[in-house]
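# Notes for the structure review
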Amino acid sequence: AWKKHSAREFKTKEEFENEAVRHIETTLARSLFNCDEAAAYAGTALAFRDRLVIEWNKTQQRQTFADQKRVYYLSLEFLMGRALDNAMLNVGLKDVAKDGLADLGFRMEDIISQERDAALGNGGLGRLAACFLDSLASLNYPAWGYALRYRYGIFKQEIVDGYQVEVPDYWLDFNPWEFPRHDVTVDINFYGSVSQYVDDDGKQRSVWDNGEIVTAVAYDAPIPGYGTTTTNNLRLWSSKASHGEFDFTKFNSGEYEQSVADQQRAETISAVLYPNDSLERGKELRLKQQYFWCAASLFDIVRRFKKSKKPWKDFANQVAIQLNDTHPTLAIPELQRILVDLEGLGWDEAWTIVQATFGYTNHTVLPEALEKWSVPLIQHLLPRHLQIIYEINSRFLQYVEKTFPKEKDILGRVSIIEESQPKMVRMAYLAVIGSHKVNGVAELHSDLIKTTIFKDFVKIYGPDKFTNVTNGITPRRWLHQANPKLSELIASKLGGYDYLRDLTLLHKLEAFVDDKEFRKDFQAIKYANKVRLAQYILEHNGVKVNPAALFDVQVKRIHEYKRQQLNIFGVIHRYLQIKAMSAEEKKKVQPRVSIFGGKAAPGYWMAKTVIHLVNQVGKVINADKEVGDLLKVVFLEDYNVSKAEIIVPGSDISEHISTAGTEASGTSNMKFVLNGGLVIGTCDGANIEITREVGEENIFLFGNLAEDVEDLREAHHKQGFELDPLLKRVFETIRSGTFGDAGQFSALVDSIVDHGDYYLVSDDFKSYIDTQGLIDQSYAKQEEWVTKTILSVARMGFFSSDRCIDEYAEMIWNIEPLKPEANG
Ligand code: 26W
């Protein structure tokens, strides 16, 4: 018999060093004599990985034994960022590792920054999924994430001559956090045909076969909770040619090239993350990705359920599946297919299970972002699923017709099939019909989906099917990890780090708002974080900025609805004002640094134009001696999770200025406030709830309200509109060539002047400028400002993703935590 190995549970720095060195010398086969930072990172990561693996195995055993209901979070994106720091903090041995690394001659920060980001996502939706995994594990919920193992994550952004250039992100060279499971595979079918047969019981059954088969291979990553031993699993599927299908005899029969081409075609499925974050382009490969991932995940989930030997009627008592947007909607017809075609259940019995299993989270009301797939494409790729979708639709429409016999138009409006040329499958409708709960991600957004895109469905199903779960963020990464000094200061006042597990405890900070010492420390930490950001800017942009200036930050995906153009037009306005001032007047100006960052989808020309304009404006202003330190403008290249960890703590004001009603929630707004920054924002998404929590005296709101947007747009088209005079002056400056050839920016200016200003930049411009003025005044009164920031931090408890996950668990999943002590 095998002897039980001794777990490598280092506790002291010497034991840690021992483990790290052992890995460097044996796992990596490297000599300690030329141990560089990369090797030190690898040794440290592998030492902590061992620790995680032990708890991971125990957690999985414990969860299997407890046999409780599990939740499966299906998301095409998980924007995880770096794992080492998180692992060290969650295991609780960061200090031990720090001392050990120092002995070996390394600084912790340098070692941490050796790791590349796991950037398997575009923006907010992907980062939300990552925060959810952290909370699920920290709260001891039995949960798995399912996604794709992209060979290339979101592209790296380079700025060349002021333009965005995309560079592939090949991130898998060395990834110590993943475990290939070559024994966990699923064969996935594509194309082919459907035939009918009569089974032994005389029932009509369908089979789908004769297609192309691609194999899904599982890669697992451990997800450690904070302050608990619970370590959940993130399973990523990688595609490869199927052994059955991939014909090795071809090698021998002179078809070597064909054979290799087949193999590459299979591997292409999981090759790349699609970089569009709001425009659906209907590419066949994207649909293949979606089905490949849904089918592999469902097979895996069903396989696990079947091991328990429970009857099918118990399925939804054991399994909850959350659909992160419509990207995994094919899981609905896929589960129906498994139950009806493969397991022989009746349609109704199966459909009851399907609806009880799924929940659907909507993240957008933008019409161009709502997924639709053409019927001919689905027919070709997934012929059986198309039949099932039609059957779901026909039963649904019959029900609607019976319930609303007098309403003629309703059937066309709610049909899953859009009667266009070609016909399209509306994935959001399929997701609503196949789920028992649908949620939006902030109160306003959840109200809006009920009155706009899903209005008819509220009538059909009643209002209870629709609910709100306001987004949240994990305070572990977004406070403790990104801002260790602030975390430490808070802990010193609250008597420990309990608040990282119950963020509402932050409210106790209010008692210290007048404490002189505390205020000084709080301010000093913000300043130190700004110094660090200023150093970063100097290193990466070559621009020297004054850390005492007001740091104004807008970092997020570049999109017209998020209105970075409003921000940069405001900057130009500020520049013009400064240029017109006397030396005396200039003395009263609040110095500012305007910081931008974010990626544009590669085919989104308007967004790329905005990036270019920001860079051109920066070039001119930063070189203008008359302006000096009063205004600097920088665009930070390649914004990602690990850069956010530096940028967020260094901000005084951050911009969340979407056209009202367009930003579903926003989550970076929460991160900035939690780190002692204030927000300038519109009445949109979670800004509204942040205002409710921190108080309206502590946030700078401006602009038109969501309820007025439609009328304003209509008025633009019917009556035309008068351009805001200050904005007009900004446009004249751009047109005059101040920032380089004006032709480069004409599409941007024309979209406002000539094409109806869909995002209401002109309507909100005056209000925006005035509010920026108020910010200058408020910032000048430092004591007042510090009070605002401390009170805001104290009132952010609601926005923990722990609160959010508890709400999902109770309202949507009906799952309970499994305490590690339960039987461990
Ligand atoms: C069609 C391709 C595609 C890909 C991604 C369409 C849409 C998406 C996402 C829904 C984009 C996204 O990240 N949405 C953001 O989700 C966050 C988490 O809920 C919200 O906070 C943001 O407001 C929302 O824009």
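Conventions we followed
Residues numbered from 1 in each chain as written. Predicted model: local features only at pLDDT ≥ 70, side-chain atom pairs only at ≥ 80, totals over all residues. Buried ≥ 20, exposed ≤ 12 C-beta atoms within 10 Å, placed from the backbone. Helix = DSSP H or I, 4+ residues; strand = E, 2+ residues; numbered from the N terminus. Pairing = 2+ DSSP bridges. Right-handed = clockwise from strand over helix to strand, strands pointing away. Contact = placed C-beta atoms within 7 Å. Near = placed C-beta within 6 Å. Nonpolar A, V, L, I, M, F, W, Y, C, P; charged D, E, K, R; others polar. Axes fitted to C-alpha atoms, helices over the stretch in contact; angles between N-to-C directions.

Here we take up the pairing of strand β22 (residues 653–656). The two faces of β22 match: I653 and E655 on one face and S654 and H656 on the other face are all buried. Two strands pair when backbone bridges link them, and strand β19 (residues 550–555) and β22 are joined in this way by two bridges, in the parallel orientation. In the sheet register, D552 faces β22, and the bridge partner there is I653. Across four bridges, the pairing between β22 and strand β23 (residues 678–681) is parallel. Pairing of E655 across the sheet is with I680, part of β23. Crossover handedness for the path β22 to helix α26 (residues 668–674) to β23: right-handed.

To continue, consider helix α3 (residues 84–91). Burial within α3 is extensive, with eight of its eight residues counted as buried. What α3 keeps buried is the set L84, D85, N86, A87, M88, L89, N90 and V91. On the buried face of α3, the contacting elements are α2 (37–66), α4 (94–103), α5 (108–112), β10 (212–224) and α19 (475–481). A positive phi of about 85 degrees marks G92, the residue just after α3.

This paragraph deals with the pairing of strand β2 (residues 78–81). Moving residue by residue along a regular strand, the side chains alternate between the two faces of the sheet. Burial along β2 is two-sided: the face carrying F78 and M80 and the face carrying L79 and G81 are both buried. As paired elements, β2 and strand β3 (residues 118–120) share three bridges and run antiparallel to each other. Across the sheet, G81 pairs through a bridge with A118, a residue of β3.

On to the sheet that holds strand β20 (residues 592–597), then. Ordered in space as β21-β20-β19-β22-β23-β24, the six strands form an open sheet in which the pairing is parallel. On the outer flanks of this sheet lie β21 (631–636) and β24 (700–701), each paired with one strand and no other.

Once that is clear, we can look at the site of the ligand. Inspection of the region around the ligand gives 22 residues, with G124, L125, H363, A664 and S665 positioned closest. Split into classes, the residues belonging to the shell around the ligand amount to five nonpolar, twelve polar and five charged.

Bringing the sheet that holds strand β13 (residues 358–361) into the picture now. The nine strands lie next to each other as β7-β10-β11-β4-β1-β12-β13-β17-β18, forming an open sheet whose pairing is mixed. Both outer strands of the open sheet, β7 (179–190) and β18 (466–468), are each paired with one neighbouring strand and no more. For this sheet, the mean angle separating the axes of adjacent strands, direction not counted, is 25 degrees. As judged from the five bridges shared by strand β1 (residues 70–74) and strand β12 (residues 319–324), these two strands associate in the parallel manner. Bridged to L74 within β12 is L323. Across the sheet, helix α9 (residues 284–307) is in contact with β1, β4 (143–148), β7, β10, β11 (231–241) and β12; its angle to β7 comes to roughly 115 degrees.

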